[in-house]
Amino acid sequence: LLSPREWGGTTVPDEVLEHPLLDETAWVELRDSGRNPLDQSPLETTYQARAEFLVGVWVLKYVIPERFGIGTLLDNLQPQMLREVDTIAAGRVINGVLMPRRSSKTTTLWCVLVGRCWMRPEYMAGYTMLTLAKKAEKRFELDVRNPITRHWRDPKYRPIKIRDGKGAKGLDFPNGSVLDILAPKGEEVRSGAYDIMVLDEAGEADPELWAEIVAAVLPSFDTRPGAQAILAGTAAKYRTGGHFWKVLHNPNAARLRYGVPDDVDPVQLEFWDTVKPLIEQLHPGLDGLTTMDHMVENFDGLGWELFAREYLGHFGEENATSTAITAHAWKRGLQAGPPPEGLTAGALAVAVSPDGSNAAIAVAFHLEGAPDLAAAAWELDGVSATQRVGVK
């Protein structure tokens, strides 16, 4: 077991030393009591990882408002949070965490970052959200800054310095450690050599942003032994071209994935009657963070495609490009057998509504060979064979 001295002399707070989950048996029992993920790389639990996480929980314990009357975050840790910690504790350089909304995914990551900075001298941590810089800053304010200011209301006795300027948010620790909140830009990530970098909302980035971020993140680890990148979020609209999808299928990466299988029939995700059993099976937040009533409201409000990404971990089409006919619809429309014969060169017409809500496609061609119902109708109308045009 590692002692606090091996963390540069930083002492573990009494509230953490007395916490039952510092014990390995209690930790593993709670961790394994929740819903099983779809995919999971080997887990590892250590005294150091448990202590650092619980220190982060202690620092941010008032992220749960006192008015809720359920105690602090220290009293409300969930099985999937411990599983997420042990996924990262395995020490892999690249880590992928796919969890549905309302699962405490990001809260767990904040606790890991803050706990490591508190316990490890001169530790460099970075957090960005691959959507907008403002969203990352807002998440920092709600999940980190505000709980710390409630924990230590008097700034004079606050053990952590809060940087709260526009575009320069983060935490500075007395031991020289730093937590930076970064904009989702390669130049921001490239500017510092980080020991750990969290790329949240990883499913939101397009292939161009991924190319920029990946080129910036991995080289920055060269001078930081043991550095880790953590890609976290919900599912993306596409598969091919997304680094998040790639990491979640990389056997050398640490992975934690709650969601439906890759080959699930999308038709099964379109109706609540078939979605509800899936939610009951895979959503870890149902153990105390959300309810099925909230789920059905979100299903009705979001629509099945967005709900499937956000709550079922279902990645959308193969490519990032939106098409008039989706890949799933195209596959469902295919019919067995050889293509029709006797078709000459024709024309293709496509129409898409201005708001993108629907589209139509038509093919026109001259018809030759054996007559069909259309040909019979033309004959009744007295239309000659050279004038016949078919529309499919």
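Residues numbered from 1 in each chain as written. Predicted model: local features only at pLDDT ≥ 70, side-chain atom pairs only at ≥ 80, totals over all residues. Heavy atoms only, no water.

### Quick word on the environment of proline 100
So, step 1. Note on placement: proline 100 falls in the loop between strand 2 (94–98) and helix 5 (105–119).
So, step 2. With relative accessibility at 4%, the residue proline 100 sits in the buried group.
So, step 3. Distance in space between the C-alpha atoms of proline 100 and glycine 259 is 7.6 Å, their sequence separation being 159 residues.
So, step 4. The residues contacting proline 100, other than those within four sequence positions of it, are Thr234, Tyr258, His283, Pro284, Glu310 and Tyr311. (Helix = DSSP H or I, 4+ residues; strand = E, 2+ residues; numbered from the N terminus. Buried < 20%, exposed > 50% of the residue type's maximum accessible area, 1.4 Å probe, protein only. Contact = heavy atoms within 4.5 Å.)

### A few points about the pairing of strand 4 (residues 161–165)
Side chains on a regular strand alternate between the two faces of the sheet.
So, step 1. In this structure, strand 4 lies alongside strand 5 (residues 168–172), joined through five bridges in antiparallel fashion. Paired with isoleucine 162 across the strands is leucine 171, a residue of strand 5.
So, step 2. The loop that links strand 4 with its antiparallel partner strand 5 comprises two residues; one of these, glycine 167, has a positive phi angle of about 75°. (Pairing = 2+ DSSP bridges.)

### A few points about the nonpolar core
So, step 1. If you look at the biggest cluster of nonpolar residues, it comprises 54 residues, and the most contacted ones within it are Phe53, Val59 and Leu171.
So, step 2. Mapped by element, the contributors of at least two residues to this core are helix 3 (47–59), helix 4 (79–89), helix 5, strand 3 (124–129), helix 6 (133–151), strand 6 (178–182), strand 7 (196–200) and strand 8 (228–233).
So, step 3. It is helix 5 that provides the largest number of residues to this core, a total of nine residues.
So, step 4. One finds Ile94, Leu209, Trp210 and Trp245 within the second-largest nonpolar core, a separate group that totals 24 residues. (Core = buried A, V, L, I, M, F, W, Y, C linked by side-chain atoms within 4.5 Å.)

### Describing a nonpolar patch on the surface
So, step 1. Taken together, the side chains of Leu348, Val350, Val352, Ile361 and Val363 define a hydrophobic patch exposed on the protein surface, amounting to about 450 Å² of accessible area.
So, step 2. For the nonpolar patch, the elements supplying multiple residues, two or more each, are strand 10 (343–352) and strand 11 (359–367).
So, step 3. Looking at which element gives the most residues to the nonpolar patch, the answer is strand 10, with three residues.
So, step 4. Given a relative accessible area of 53%, valine 352 falls into the exposed group. (Patch = residues over 30% accessible without salt bridge, like charges linked within 9 Å, V, L, I, M, F, W, Y side chains within 5 Å. Areas by Shrake-Rupley, 256 points an atom, 1.4 Å probe, with all protein chains shown as cover. Salt bridge = Lys/Arg side-chain N within 4 Å of Asp/Glu carboxyl O.)

### Focus: the side chain of arginine 257
So, step 1. Note that arginine 257 resides in strand 9 (residues 254–257).
So, step 2. For arginine 257, a relative accessible area of 4% translates into the label buried.
So, step 3. Polar side-chain contacts of arginine 257 include one of 3.4 Å to the side chain of histidine 249.
So, step 4. Residues contacting arginine 257, with those up to four places away along its chain left out, are Pro37, Leu38, Asp39, Leu98, Trp245, His249, Asp262, Gly313 and Phe315. (Polar contact = N/O pair within 3.5 Å; in protein donor to acceptor, adjacent residues only side chain to side chain.)

### Section: the sheet that holds strand 4
So, step 1. As summarised here, the arrangement of the nine strands in space is 1-9-2-8-7-3-6-5-4, forming an open sheet in which the pairing is mixed. Whereas interior strands pair on both sides, the edge strands pair on one side only; in this sheet they are strand 1 (39–40) and strand 4.
So, step 2. In terms of strand pairing, strand 3 meets strand 7 through five bridges, oriented parallel. The residue bridging threonine 128 from the neighbouring strand is leucine 199, located in strand 7.
So, step 3. Across the sheet, helix 5 touches strand 2, strand 3, strand 5, strand 6, strand 7 and strand 8, and the angle it forms with strand 7 is around 165°. (Axes fitted to C-alpha atoms, helices over the stretch in contact; angles between N-to-C directions.)

### A closer look at the pattern of salt bridges
In a structure, side chains of opposite charge can pair up when their charged atoms sit close to one another.
So, step 1. Tallied over the entire structure, the rule returns 18 salt bridges.
So, step 2. Glutamate 141 is the salt-bridge partner of lysine 138, the closest N and O atoms lying 4.0 Å from each other. Of this pair, lysine 138 and glutamate 141 both sit in helix 6, three residues apart, roughly one helical turn.
So, step 3. Relative accessible area serves as the criterion here: at 47%, lysine 138 is assigned to the partly exposed category.
So, step 4. With a shortest N-O distance of 2.7 Å, lysine 169 and aspartate 164 are connected by a salt bridge.
So, step 5. Since its relative accessible area comes to 6%, lysine 169 is described here as buried.
So, step 6. Classification of aspartate 164 by relative accessible area gives partly exposed; the value is 37%.
So, step 7. Several salt bridges converge on common partners, so that one network encompasses Lys138, Glu141, Arg145, Asp164 and Lys169.

### A word on the packing of aromatic side chains
Geometrically, a pair of aromatic rings is defined through the distance of the ring centres and the angle of the planes.
So, step 1. The final tally for this structure, using the stated rule, is twelve aromatic pairs.
So, step 2. When the ring of tryptophan 27 is compared with that of phenylalanine 53, the centres are 5.9 Å apart and the planes differ by 85°; the resulting orientation is edge-to-face. One end of the pair, tryptophan 27, is in helix 2 (residues 24–31); the other, phenylalanine 53, is in helix 3, and 26 residues separate them in sequence.
So, step 3. Among the residues examined, phenylalanine 53 registers a relative accessible area of 1% and is labelled buried.
So, step 4. Both rings, one in tryptophan 245 and one in phenylalanine 315, keep their centres 4.9 Å apart while their planes meet at 70°; by these two values the pair is edge-to-face. Pair noted here: tryptophan 245 is in helix 9 (residues 243–248) and phenylalanine 315 is in the loop between helix 12 (304–312) and helix 13 (327–333), with a separation of 70 residues, a long-range link.
So, step 5. The exposure class assigned to tryptophan 245 is buried, which follows from its relative accessible area of 17%. (Phe/Tyr/Trp six-rings, centres within 6.5 Å; stacked < 30°, edge-to-face > 60°.)

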